[in-house]
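Topology and contacts: notes
Spelled out, the chains give:
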Amino acid sequence: MQAFTQHMGVAAPIIVNNVDTDQIIPSREMKRVSKSGLGDGLFAGWRYNYEGMNKVSLRQSFVLNQPQYFAASIILGGKNWGCGSSREHAVWALRDHGIRVIIAESFGRIFYRNCARNGLLAIELPAEQVELLAEHTAESPQSSRLLVDLVKGEIHGPRGDIFKFSTPESDRNMLLNGLDYIEYTMQFEDAIDAFAKRDYVARPWAKL
């Protein structure tokens, strides 16, 4: 998995509260046997016009379909973003579309953890700061990019503003080193083995 230290990109505003994982990727779009291609189903209910169950065209009113946001790799969100079911496909679809960062007031708990485990940085900021970033980037999305620095815990806005953020240490470790959750756990292999040996001595009956 690609390590995350810094990222600069266009930020698209989807500042809606309680965006759930079924809106991020509807269950009907989860038919692939790999993560590749899931981006096609990202926000399918919002991105496409339909005839019956068939996509027929892009819905121009949706932000990611607007030319200035075609290359967006950052999303500005609202409160409780990524709530609902625990489907990991929601994060996979975002990554497959090219999203590397989501900045929102708050996140669904499981979605937040799934982000770090799949190389996507989720950042919580006060609502007024998210709104300010959206206002500034909307002035000229292509030239007003955000710089997100995970090492320093900073977001550099287009007007020179700097917003500080924090990330749980385990999530920060995974992202900075490009680790999935299994690879992160294996960093503690010696400690796990030592515990298993001590436990075998203390509770041999538990291994029968």
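As a starting point, this report considers the structure included with it. (Residues numbered from 1 in each chain as written. Predicted model: local features only at pLDDT ≥ 70, side-chain atom pairs only at ≥ 80, totals over all residues. Heavy atoms only, no water.)

Here the focus is the packing of aromatic side chains. Taken as a whole and judged by the stated rule, the model has 8 aromatic pairs. Judged by centre distance (5.4 Å) and plane angle (5°), the rings of Phe43 and Trp46 are stacked. The class for Trp46 is partly exposed, based on a relative accessible area of 24%. Their ring planes at 55° and their centres at 6.0 Å tell us that Trp46 and Phe62 sit as a pair that is tilted. Remark: Phe62 occurs in the loop between strand 4 (54-58) and strand 5 (74-77) and Trp46 occurs in helix 2 (residues 44-47); sequence separation between them is 16 residues. Phe62 sits in the buried class, given a relative accessible area of 9%. Grouping aromatic residues by their ring pairs yields a cluster made of Phe43, Trp46, Phe62, Trp81, Phe107, Phe111 and Tyr112. Cation over ring: Lys55 sits above Tyr48, and NZ or CZ is 5.1 Å from the ring centre. One cation-aromatic arrangement involves Arg203 over Trp205; the distance from NZ or CZ to the ring centre is 5.6 Å. (Phe/Tyr/Trp six-rings, centres within 6.5 Å; stacked < 30°, edge-to-face > 60°. Buried < 20%, exposed > 50% of the residue type's maximum accessible area, 1.4 Å probe, protein only. Helix = DSSP H or I, 4+ residues; strand = E, 2+ residues; numbered from the N terminus. Lys NZ or Arg CZ within 6 Å of the ring centre and 35° of its normal.)

For the α-helix, the turn length of 3.6 residues means that residues three or four positions removed from each other point alike. Burial in helix 4 (residues 109-117) covers these residues: Phe111, Tyr112, Asn114, Cys115 and Ala116. Contacts from the buried residues of helix 4 go to helix 1 (21-24), helix 3 (89-97), strand 6 (101-104), strand 7 (121-124) and helix 6 (169-177). Positive backbone phi, approximately 80°, marks Gly119, located one or two places after helix 4. (Contact = heavy atoms within 4.5 Å.)

Once that is clear, we can look at the nonpolar core. By size, the foremost hydrophobic cluster in this structure holds 30 residues, and its most contacted members are Ile24, Phe43, Trp81, Leu94, Ile102 and Phe111. Elements represented by at least two residues in this core include exactly strand 2 (11-14), helix 3, strand 6 and helix 4. If you tally residues by element for this core, the top one is helix 3, at 5 residues. When sequence neighbours within four positions are dropped, the list of residues in contact with Ile24 reads Val19, Gly41, Leu42, Phe43, Trp81, Gly82, Ala90, Leu94 and Phe111. (Core = buried A, V, L, I, M, F, W, Y, C linked by side-chain atoms within 4.5 Å.)

On to the environment of Glu135, then. Tracing the backbone through its elements, the reader meets Glu135 in helix 5 (residues 127-138). Taking the C-alpha atoms as reference points, Glu135 and Pro13, 122 residues apart in sequence, are found 9.1 Å from one another.

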